[in-house]
Amino acid sequence: MRAVRAARVVAAVAVPGEVLLVLCLAAGVRPPGRVIASVEAAVLGALLLEGWVLGSLRRRTGSWREAVRAVVPERVRRLLLHELRACASLGRWVARRPHGVRPGDLAAAYTGPQTAMMYGLLFVSLVETVGLALLIPWPAVHRVVLVLDVYGVLLVLALHAACVTRPHVVRPDGTLRIRYGALFDLTVPPDAVASVRVDRRYPEGRLVTVSEDGAGDGVLDLIVGSQTTVTLELTRPLEFRRPLGARARARTVRFHADDPRALVTALRQPTA
């Protein structure tokens, strides 16, 4: 465990330095040779240490996957996975290929309340990029900021694309898949559905909010644009994972759908 902690500390120091160096080089800023050599040496040392630790854990656990899980914190793994899936969604968005939707399924969109906000955020980011280009008098600093701004714009588009290409899905047999982009995914089997209804609410809280009702059962609110439109009562508590990996259980699920009546009808009248 000491080796794992040492590998994490070294990576936490070396990786940001490498990222900063890459940003500088991409912006046309060339640091002194000694700085470049020091950063590259630190990264090489971190890679060697990580390789040695991974190899040791691989021999101990017999699995590369388990070795990576032991070295890389779960929150870091999930953040990287969310970002990779979101970026991949850009291609699906352009090609109009929704994820996880098969013939006969009902795809229920939920991006209506947040679309205007997303495009507004994108517009603000573009205005900020242009404004900083006019205000910053140092070309090198401007190039670095430009790289960061472009990345921010792409990330906003990727997050929205992930939501568009990953709608809620109702299978012909009544199975419901509740999603929010690449951040949240909960599958509800047909036998777990006690009741479902259109129920517009305006809860306060973050995207995934968990509370308790009067009976002490968990209540999950998957909030989009400060609202939910469907309330799903379950016959038993179901376990789910929050975006950063924490586990929780809920017997009532409230979520948003742009056309809640169509989703509720499909759940009440499965075709299979």
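Residues numbered from 1 in each chain as written. Predicted model: local features only at pLDDT ≥ 70, side-chain atom pairs only at ≥ 80, totals over all residues. Heavy atoms only, no water.

Asker: Would you mind going over the side chain of Asp-199 in detail, with residue names and values included?
Answerer: Relative to the elements of secondary structure, Asp-199 occurs in strand 5 (residues 193-201). The buried category is assigned to Asp-199, whose relative accessible area is 15%. Among all residues touching Asp-199, those that are not within four sequence positions of it are Thr-228, Thr-229, Val-230 and Thr-231. (Helix = DSSP H or I, 4+ residues; strand = E, 2+ residues; numbered from the N terminus. Buried < 20%, exposed > 50% of the residue type's maximum accessible area, 1.4 Å probe, protein only. Contact = heavy atoms within 4.5 Å.)

Asker: I'd love a proper account of the sheet that holds strand 2 (residues 168-170), names of residues and values included.
Answerer: Ordered in space as 1-2-3-4, the 4 strands form an open sheet in which the pairing is antiparallel. Looking at which strands have only one partner, the edges of the open sheet turn out to be strand 1 (106-108) and strand 4 (184-188). Averaged over neighbouring strand pairs, the angle between their axes works out to 15° when direction is ignored. Pairing of strand 3 (residues 176-180) with strand 4 involves 5 bridges; the strand directions are antiparallel. Among the inter-strand pairings, Tyr-180 is bridged to a residue of strand 4, identified as Phe-184. (Pairing = 2+ DSSP bridges. Axes fitted to C-alpha atoms, helices over the stretch in contact; angles between N-to-C directions.)

Asker: Hey, could you go over the pairing of strand 3 for me, with residue numbers and the actual values?
Answerer: Among the 5 residues that make up strand 3, 5 are buried, leaving the element largely enclosed by the rest of the structure. The pairing of strand 2 with strand 3 spans 2 bridges and is classified as antiparallel. Note on strand 3: the bridge partner recorded for Val-170 is Leu-176. Linking strand 2 back to strand 3 in an antiparallel pair, the connection comprises 5 residues, with Gly-174 at a positive phi of about 95°. Linking strand 3 back to strand 4 in an antiparallel pair, the connection comprises 3 residues, with Gly-181 at a positive phi of about 55°.

Asker: I'd like a description of unusual backbone geometry, backed by residues and values.
Answerer: Most of the time, phi is negative for any residue but glycine, and the peptide bond is trans. Residue Arg-96 is not a glycine yet carries a positive backbone phi of 55°. Within the element layout of this structure, Arg-96 appears in the loop between helix 4 (74-95) and strand 1. Even without glycine at this site, Ser-226 takes up a positive phi of about 65°. Examined against the element boundaries, Ser-226 turns out to sit in the loop between strand 7 (218-222) and strand 8 (228-241).

Asker: Which residues make up a nonpolar patch on the surface, and what values go with them?
Answerer: Residues Phe-123, Val-124 and Val-127 make up a contiguous nonpolar surface patch of about 300 Å² in total accessible area. Structurally, the position occupied by Val-124 is in helix 5 (residues 112-135). (Patch = residues over 30% accessible without salt bridge, like charges linked within 9 Å, V, L, I, M, F, W, Y side chains within 5 Å. Areas by Shrake-Rupley, 256 points an atom, 1.4 Å probe, with all protein chains shown as cover. Salt bridge = Lys/Arg side-chain N within 4 Å of Asp/Glu carboxyl O.)

Asker: Got a sec to walk through the packing of helix 4 against helix 6 (residues 139-165)? Specific residues and values, please.
Answerer: For the pair helix 4 and helix 6, the least separation of the axes is 7 Å and the interaxial angle reads 75°. Here helix 4 is positioned roughly perpendicular relative to helix 6, judged by the angle of their axes. Here Glu-83, Ala-86, Cys-87, Ser-89, Leu-90, Arg-92 and Trp-93 of helix 4 lie close against helix 6, whose contacting residues are Tyr-151, Leu-154, Leu-155, Leu-157, Ala-158, Leu-159, His-160, Ala-161, Ala-162, Val-164 and Thr-165. For the contact of helix 4 with helix 6, the per-class residue count stands at 13 nonpolar, 3 polar and 2 charged. (Parallel < 35°, antiparallel > 145°, perpendicular 65-115°, else oblique. Nonpolar A, V, L, I, M, F, W, Y, C, P; charged D, E, K, R; others polar.)

Read these as spatial facts, not as claims about activity.
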